[in-house]
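# Per-entry structural report
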Amino acid sequence: MVIKFEPLNRREKIVKLFREAIEAENARDLKTAKRKLDEIMELARKTEPEFYFEACFRMADIFVQEDNYRGAVKCAIRGIYNAPNRDLYLFGIKRLGDILFIMKRQNRLGELTENMDITLSLVKDDEELHSFVSALVRLARGEEVEEDFKLKEFREIIEALKE
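Residues numbered from 1 in each chain as written. Predicted model: local features only at pLDDT ≥ 70, side-chain atom pairs only at ≥ 80, totals over all residues. Heavy atoms only, no water.

Turning our eyes to something else, we now look at the overall build of the protein chain. For the protein chain, the count of helices and strands is eight helices and zero strands. From first element to last, N terminus to C terminus, the protein chain shows the α and β order α-α-α-α-α-α-α-α. Taken along the three principal axes of its C-alpha coordinates, the protein chain extends 75 × 30 × 25 Å. Counting all 163 residues of the protein chain, 42% fall into the buried class. Within the protein chain, residue pairs in contact and separated by at least 24 positions form 58% of the contacts whose partners lie at least 6 positions apart. With the model as given, the accessible surface of the protein chain reaches about 9500 Å², and the carbon-plus-sulfur share is 49%. (Helix = DSSP H or I, 4+ residues; strand = E, 2+ residues; numbered from the N terminus. Buried < 20%, exposed > 50% of the residue type's maximum accessible area, 1.4 Å probe, protein only. Contact = heavy atoms within 4.5 Å. Areas by Shrake-Rupley, 256 points an atom, 1.4 Å probe, with all protein chains shown as cover.)

Written out as structure tokens, the structure reads:
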């Protein structure tokens, strides 16, 4: 009897990588966790948008643990931009807001003034998200922001960050 080995399908591999990433994160091996999440994002980008979304936000959480808030914001924005449906899009905005409020409390919003051009170019197709990210950068520079966003979630975040 010959036993054939069948490679894991994409979803099974992603789930396995998630488990490994969580185990690494729990063991405080953040470098390994990030590497596993990068693999997930690469595998899931075009074919498994829900997994891609969650990997972006898990990566953002790891960046927060490392005090890399700009990296966390960039990952969150990528997750929002690639959200597969409106519910996850709005949920992603809430999660991004949480990161931004942590930054504000720690007086670190100014970090968003550096190297945000790639992120802005990534989201140029989503006019509302692009305007929001642009407003965040201007707010981080200390400029006045008076944009009126269609989404109340964006308006609420900007208003809370201004206070």
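Counting 55 residues, the largest nonpolar core has V73, L100 and F132 as the members making the most contacts within it. Elements represented by at least two residues in this core include exactly α1 (10-26), α2 (30-44), α3 (49-65), α4 (69-81), α5 (86-105), α7 (127-140) and α8 (152-162). Ranked by residues supplied to this core, first place goes to α3 with ten residues. In this view, L100 contacts V73, L109, L112, F132, L136, I157 and L161; residues no more than four positions away in its chain are not counted. (Core = buried A, V, L, I, M, F, W, Y, C linked by side-chain atoms within 4.5 Å.)

What follows concerns α8. For α8, the full list of buried residues reads F154, I157, I158 and L161. Each buried residue of α8 sits inside an arc of 95° when the element is viewed along its axis, so together they form one side. Here the buried face of α8 lies against α5 and α7. (Arc of directions from axis to C-beta.)

Now for the side chain of E128. With respect to the helices and strands, the residue E128 is situated in helix α7. Of the side chains with opposite charge, K150 lies nearest to the buried E128, which makes no salt bridge, at 4.9 Å. In contact with E128, not counting residues within four places along its chain, are F149, K150, L151 and F154. (Lys, Arg positive; Asp, Glu negative; His and termini not counted. Salt bridge = Lys/Arg side-chain N within 4 Å of Asp/Glu carboxyl O.)

What follows concerns the environment of E128. Look at E128 and you get buried, because its relative accessible area is 16%. In this structure the C-alpha to C-alpha distance between E128 and I62, which are 66 residues apart in sequence, comes to 27 Å. At 2.6 Å, the side chain of E128 forms a polar contact with the backbone nitrogen of K150. (Polar contact = N/O pair within 3.5 Å; in protein donor to acceptor, adjacent residues only side chain to side chain.)

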